[in-house]
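Each chain, letter by letter, is given below.
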Amino acid sequence: MTRRPLYIANWKMHKTGTEAVAYVTEMAGLMSESLVGEIILSPPTIALAAVGEALKMTVLLNRVGLAGQNVHPEPKGPYTGEVSVPMLAEHGCRNVIVGHSERRTHFGENDQFIARKVQAVLEGGLSPILCIGERLEEKEREETKAIVLNQLEAALREIPRVDGLIVAYEPVWAIGTGKNAEPADAAAVHHDIRGWISRQYGEEVASMLRILYGGSVIPENILGFMKEEDIDGALVGGASLVPSQFVQIVRNGSGTS
Ligand code: PGA
């Protein structure tokens, strides 16, 4: 089974609408037909419309998708400051990041809330990018596999079908620290994730599931990850903020540069 490589730019709380449009314009000038893989930009919610419009004005329209960084499980209601699946869908998002460790840590999101989000996103016809990963102390206690599979189990407990799901393995200690996981270590975790999905949903679903690595991915280390059979792409934070770096990650990922 060949899985199409996927590169997602998670801008986090960076870039105004104006800066986002400038990014898209610059990125369009850097893209070439030879780039292999699927690309998704995940700007701040308030810049989604501007990025969507900017994509339409460039060659990127059919090459680059849009993802929300966050979503509320309810389709509407009294949840000040939140956005829903239908709102993201109307802005052209086909994906939503769910369960990012920054949401878990800074905004107190627990497994139960994340599970409701996954369900809402799938039911709304979008595809969740479910982030899971262990903290440094958990890694040091050699609990990585148990932690990651527990998070997966908790998020998917009530989910009968996972078509469209994307999983991102992001060791918390590797996010924004410049300390990436060793590709072989990450690949072993990806293998465990795929094995779990296979046991729950069958081998075919597991063989199609894209599992991304995230945590200090840069142009210099992406190929090491992409050479691993079970690593299907990357969720990129810091290095996605500069168009030339992000495009270089996509280019280097296929080993064709
Ligand atoms: P980083 O962030 O690439 O800056 O480590 C990754 C992420 O949080 O998705």
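Below, the structure is looked at part by part. Predicted model, so just to flag it, every value in this text is computed and none were measured.

**Points about the overall build of the chain**
Okay, step 1: The helix and strand tally for the chain stands at 11 helices and 8 strands.
Okay, step 2: The globule rule puts the C-alpha radius of gyration for 257 residues at 18 Å, and the 17 Å found for the chain is close to it.
Okay, step 3: Projecting the C-alpha coordinates of the chain onto the three principal axes gives extents of approximately 50 × 45 × 35 Å.
Okay, step 4: Within the chain, the proportion of its 257 residues that are buried is 53%.
Okay, step 5: Contacts in the chain between residues at least 24 apart in sequence constitute 74% of all its contacts with a sequence separation of at least 6.
Okay, step 6: If you average the places of the 24 positive and of the 32 negative side-chain charges in the chain, the two averages end up 3 Å apart.

**Things to note about the nonpolar core**
Okay, step 1: Within the largest apolar cluster, 71 residues are counted, with the highest numbers of intra-cluster contacts made by Met-27, Leu-41, Leu-152 and Leu-156.
Okay, step 2: Here this core takes 7 residues from helix H8 (residues 183-201), the largest share from any one element.
Okay, step 3: Sequence-distant contacts of Met-27, that is, excluding residues within four places in its chain, are made with Ile-39, Leu-41, Leu-60, Val-64, Pro-243, Phe-246 and Val-247.
Okay, step 4: Judged by nonpolar contacts, the second largest core, of 11 residues, contains Leu-6, Cys-131, Ile-166 and Leu-212.

**Thoughts on the packing of helix H5 (residues 111-123) against helix H7 (residues 144-156)**
Okay, step 1: The interhelical angle for the contact between H5 and H7, taken along N-to-C directions, is 55 degrees, at an axis separation of 7 Å. In terms of their interaxial angle, H5 and H7 are classed as oblique. Where H5 crosses over H7, the handedness of that crossing is right-handed. Residues Asp-111, Ile-114, Ala-115 and Val-118 of H5 pack against Gln-151, Ala-154, Ala-155 and Leu-156 of H7.
Okay, step 2: Split by residue class, the contact of H5 with H7 holds 6 nonpolar, 1 polar and 1 charged.

**Quick notes on helix H11 (residues 243-253)**
Okay, step 1: Listed as buried for H11 are Pro-243, Phe-246, Val-247, Ile-249, Val-250, Asn-252 and Gly-253.
Okay, step 2: A positive backbone phi angle near 70 degrees is found at Gly-255, which sits one or two residues after H11.

What counts as what
- Residues numbered from 1 in each chain as written.
- Predicted model: local features only at pLDDT ≥ 70, side-chain atom pairs only at ≥ 80, totals over all residues.
- Heavy atoms only, no water.
- Helix = DSSP H or I, 4+ residues; strand = E, 2+ residues; numbered from the N terminus.
- Rg over C-alpha atoms; globule rule 2.2 N^0.38 Å.
- Buried < 20%, exposed > 50% of the residue type's maximum accessible area, 1.4 Å probe, protein only.
- Contact = heavy atoms within 4.5 Å.
- Lys, Arg positive; Asp, Glu negative; His and termini not counted.
- Charge placed at Lys NZ, Arg CZ, Asp CG, Glu CD.
- Core = buried A, V, L, I, M, F, W, Y, C linked by side-chain atoms within 4.5 Å.
- Axes fitted to C-alpha atoms, helices over the stretch in contact; angles between N-to-C directions.
- Parallel < 35°, antiparallel > 145°, perpendicular 65-115°, else oblique.
- Left-handed = near helix turned anticlockwise from the far one by under 90°.
- Nonpolar A, V, L, I, M, F, W, Y, C, P; charged D, E, K, R; others polar.

Treat this as a map of the structure, not an account of what it does.
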